[in-house]
Amino acid sequence: MVETTTKLTWLGHNCFQLERDGLRFLVDPFIVEGLAPCRADEIETDYILVSHGHADHCQDAISIGKRTGATVVSIAEMTSYFGRNGLKTEPMNIGGAIYLPTHATRSPSVQVLAVQAPHSSTTPSGEPGGNSLGFVLSFSQNGRDLSPSSDSLKPMKEALADADAFNVYFVCDAGYFSELAWIGELGIDLAVVPIGDRYTMGARVSLDAISLLSPKYVAPSHYNTWPPLRQNVDAWRQSVKRYTNATPLELKPGQTVYYNDDSKTWR
């Protein structure tokens, strides 16, 4: 197994930074003063994953992208918008993936898979933003190349199993949808699931989604940013333990947790 360090930081709302194998992924950059532990101009990242075009998911993407030179990964309509604003982009669409090398290897041992996330979207300039996305990030743990061109063609589940992949799924803004069952078959080590209700699935619906997805760990997102998204996260955590097989991983804004590859636990 490749020795690695994995850490996840919640920056508030649906903004997370995931670091593994020397790569930094910033999800849905929206830095809320008073919630985030830092300012947007203090964040360093390699890739910016934008699920859709609402301001509370990409407001700080342009400033961070221009300063850091990070590449924006999103659906094609959104990358067209960011490209016109001077950012490097990797366009995607539902069901497609991109394959990335780590800083230590030249082989594409990281896969970013775009999956559906039933939700609306417009660009910050008011144009159609295409479909909203969720992201499954898979990291090969035994050095196996995750690019499908490098091996005999296998179903996704088998290809990830061959690579002993570590899989993190950002559901992003979504309601319940049946494709969660297929995503769960990929073997999700950590799922980040919205629980805020009104604009995404709420805490109760999230329990059904978690049951269908069957991740090892689950972290809540998109809640308590504003009064309409107020949720009792303690009650949610207890219900996750009662009604699902997942272990709840509750972060406070600004908190960082680390994954231990040997014990396969977060701390």
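Model, not experiment: these values are computed from the prediction. Residue indices begin from 1 for each chain and proceed along its sequence in written order. Two thresholds apply to this predicted model, a pLDDT of at least 70 for residue-level local features and 80 or more for giving and counting side-chain atom pairs, whereas whole-chain, interface and lining totals are computed over all residues. Working from all heavy atoms in the structure, the side-chain values ignore hydrogens and water.

### Brief notes about unusual backbone geometry
Move 1: Even without a glycine there, the phi angle at Asp 164 is positive, about 50°.
Move 2: Each helix is a run of H or I in the DSSP string that is no shorter than four residues. Each strand is a run of E no shorter than two, and both are numbered from the N terminus. Here Asp 164 shows up in the loop between helix 4 (156–162) and strand 10 (166–170).
Move 3: One non-glycine residue with positive phi stands out, namely Asp 197, at about 70°.
Move 4: Take Asp 197: it is sitting in the loop between strand 11 (190–194) and helix 6 (203–213).

### Some details on the sheet that holds strand 11
Move 1: Strands sit in the order 7-8-9-10-11-12-13 across an open sheet of seven strands; the sheet is mixed. A single partner strand is all that each edge strand has here, and the edge strands are strand 7 (97–100) and strand 13 (247–248).
Move 2: Sheet topology places strand 7 next to strand 8 (residues 110–116); four bridges connect them, and they run antiparallel. From the neighbouring strand, Ala 97 faces strand 8, where its bridge partner is Leu 113.
Move 3: Against the sheet, helix 6 contacts strand 10, strand 11 and strand 12 (217–221), and its axis sits at roughly 155° relative to strand 11.
Move 4: Residue contacts follow a heavy-atom distance rule, with two residues in contact if any of their heavy atoms lie within 4.5 Å. Where helices are involved, their axes are fitted lines through C-alpha atoms of the stretch in contact, as for all axes, and angles between N-to-C directions lie from 0 to 180°. Relative to the sheet, helix 7 (residues 233–243) contacts strand 12 and strand 13, its axis offset from that of strand 12 by approximately 155°. Strand pairing is defined by DSSP finding a minimum of two bridges between the two strands.

### So, the side chain of Asp 189
Move 1: Tracing the chain through its elements places Asp 189 in the loop between helix 5 (180–185) and strand 11.
Move 2: Looking at Asp 189, its side chain comes within polar contact range of the main-chain nitrogen of Asn 167, at 2.9 Å.
Move 3: In contact with Asp 189, other than residues within four places in its own chain, are Ala 165, Phe 166, Asn 167, Lys 216 and Tyr 217. Polar contact is defined as a pair of N or O atoms within 3.5 Å, subject to the rule that within protein one atom must be able to donate a hydrogen and the other to accept it, and that residues adjacent in sequence are counted only when both atoms are side-chain atoms.

### Comments concerning the pairing of strand 3 (residues 23–27)
Move 1: Each residue is assigned to one of three classes by its accessible area relative to the maximum for its type, calculated with a 1.4 Å probe on protein chains only: buried under 20%, partly exposed between the two thresholds, exposed over 50%. Among the five residues that make up strand 3, four are buried, leaving the element largely enclosed by the rest of the structure.
Move 2: As defined by bridge partners, strand 2 (residues 16–20) adjoins strand 3 across five bridges and the pair is classed as antiparallel. Note on strand 3: the bridge partner recorded for Arg 20 is Leu 23.
Move 3: Count of turn residues in the strand 2/strand 3 antiparallel hairpin: two residues, of which Asp 21 carries a positive phi of about 55°.
Move 4: Bridge count between strand 3 and strand 4 (residues 47–49): three bridges; the pairing is parallel. In the sheet register, Val 27 faces strand 4, and the bridge partner there is Leu 49.

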